[in-house]
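Structure at a glance
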Amino acid sequence: MLEVDGGAAVYWEQCGPSDGVPAVYLHGGPGGGLGTSQYRTRFDLSRTRVVGIDQRGCGRSVPHASDPQVSLSDNTTTQLIADLERVREHLSIDAWILNGASWGSTLALAYAQENPHRVLGIVLYAVTTTSRCEVDWVTEGMRAVFPEAWDRLASHAEAAGLGYRRGHGRLVQAYAHLMNSPDLAVREAASQEWALWEDTHISIGVGQFKRDTRWDDPRFRHAFVRLTTHYWSHDGFCDPPILEQMHRLEGIPGMLIHGRRDISSPAATPWELHRRWHGSTLRIDEGDGHGGTSMARSWRIANDALTSRIQH
């Protein structure tokens, strides 16, 4: 545990040799946490010093966002970047490889744009930038693909007494409001509905609807949904948008790995990043969605190649 600003503390872990090439893994969500640390299999631990961090408010970091009395006012992308810098300095790492998955790719890009001199290279998986159009797609536009599931999601918000009506206001803001209710029953119901929508919109990529067993833990579920709706309703706290600052990554090698069947995060986002990021490589996996076994192999290969490049 490492104390950071605002009375918070973040959990960090590391593995691999102390003199290995430094790398940091940034998990998805927001609020996904490190879980069982399977990210470690994406690195050659014989030559890479890998750091994992539970981002502020989730996982083993404290205070935990599942508690509605925990303010999210200091839980922003700017603050997460500051937390990363605090960990980097604590571990006496000069610069590191960034690995980001899903929301973690947004955080990796934001960090790199703020601290390009601290970045050896970047590997992004299931690429997002959390722009307004991306958030609006995953929370509104996908009703064209899953109309019955989206109707359930919107109907719950309409029945909650917030004054929300479909077509008037943003659904993500309605759920952010529900997840800050002092009433546990309200938060529980909203988090269940949001979790169902999450499982639904990634189902195309995995080939079937499958419930994420992490939702069985209400503490995880409440923190995940509260943090996700908080960040998404603020466009990831990325102002100006990430795509408008890609010139700041000039000279930094990058690998973008994305699934063609990722309906939640269409391939237009990594394609546009690649177009604006000289020195990047884009791999579109035709068979996978928002993750998958083939993409995972590409992730390991990308890290191995980048580590070899740095060592030589």
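What comes next concerns the included structure. Given the structure is predicted, the values throughout are model-derived calculations rather than measurements.

Parameters at a glance
- Residues numbered from 1 in each chain as written.
- Predicted model: local features only at pLDDT ≥ 70, side-chain atom pairs only at ≥ 80, totals over all residues.
- Heavy atoms only, no water.
- Helix = DSSP H or I, 4+ residues; strand = E, 2+ residues; numbered from the N terminus.
- Buried < 20%, exposed > 50% of the residue type's maximum accessible area, 1.4 Å probe, protein only.
- Salt bridge = Lys/Arg side-chain N within 4 Å of Asp/Glu carboxyl O.
- Polar contact = N/O pair within 3.5 Å; in protein donor to acceptor, adjacent residues only side chain to side chain.
- Contact = heavy atoms within 4.5 Å.
- Axes fitted to C-alpha atoms, helices over the stretch in contact; angles between N-to-C directions.
- Parallel < 35°, antiparallel > 145°, perpendicular 65-115°, else oblique.
- Left-handed = near helix turned anticlockwise from the far one by under 90°.
- Pairing = 2+ DSSP bridges.

Here the focus is the environment of Gln 69. With respect to the helices and strands, the residue Gln 69 is situated in the loop between strand 4 (48-54) and helix 1 (77-90). A relative accessible area of 75% places Gln 69 in the exposed class. Placed 82 residues apart in sequence, Gln 69 and Asp 151 show a C-alpha to C-alpha distance of 30 Å.

With that settled, the discussion passes to helix 5 (residues 171-178). A large share of helix 5 lies buried, amounting to 6 of its 8 residues. Within helix 5, burial applies to Leu 171, Val 172, Ala 174, Tyr 175, Ala 176 and Leu 178.

Proximity of charged atoms lets side chains of opposite charge pair with each other. For the coordinates displayed, the defined rule picks out 22 salt bridges. A salt bridge links Arg 170 to Asp 235; the shortest N-O distance between them is 3.9 Å. Here Arg 170 is found in the loop between helix 4 (147-158) and helix 5, whereas its partner Asp 235 is found in the loop between helix 8 (218-232) and strand 7 (254-259), with 65 residues between them in sequence. The exposure class assigned to Arg 170 is buried, which follows from its relative accessible area of 13%. For Asp 235, a relative accessible area of 18% gives the class buried. A salt bridge links Arg 221 to Glu 188, with the shortest nitrogen-to-oxygen separation between them at 3.0 Å. Placement of the pair is Arg 221 in helix 8 and Glu 188 in helix 6 (residues 184-201), with a sequence separation of 33 residues. On the basis of relative accessibility, which here comes to 3%, the residue Arg 221 falls in the buried class. One connected set of salt bridges, linked through shared partners, spans Arg 132, Asp 136, Arg 170 and Asp 235.

With respect to the helices and strands, Asp 285 occurs in strand 8 (residues 280-285). In terms of polar contacts, Asp 285 uses its side chain to reach the side chain of Ser 294, at 2.5 Å. Contact partners of Asp 285, with chain neighbours within four places excluded, come to His 258, Gly 259, Arg 260, Ser 294 and Met 295.

Between helix 4 and helix 5, the least distance of the axes is 10 Å, while the angle of their chain directions is 55 degrees. Taken together, the axes of helix 4 and helix 5 lie oblique to each other. Between helix 4 and helix 5 lies a crossing of left-handed hand. When helix 4 is examined against helix 5, the residues Trp 150, Leu 153, Ala 154, His 156 and Ala 157 are found in contact with a partner set consisting of Leu 171, Ala 174, Tyr 175 and Leu 178.

So, on to the sheet that holds strand 5 (residues 96-101). Taken in spatial order, the 8 strands line up as 1-2-4-3-5-6-7-8 in an open sheet, and their pairing is mixed. Every other strand in the sheet has two partners, leaving strand 1 (2-3) and strand 8 as the edge strands with one partner each. Here strand 3 (residues 21-26) pairs with strand 4 via 6 bridges, running parallel. Paired with Tyr 25 across the strands is Gly 52, a residue of strand 4.

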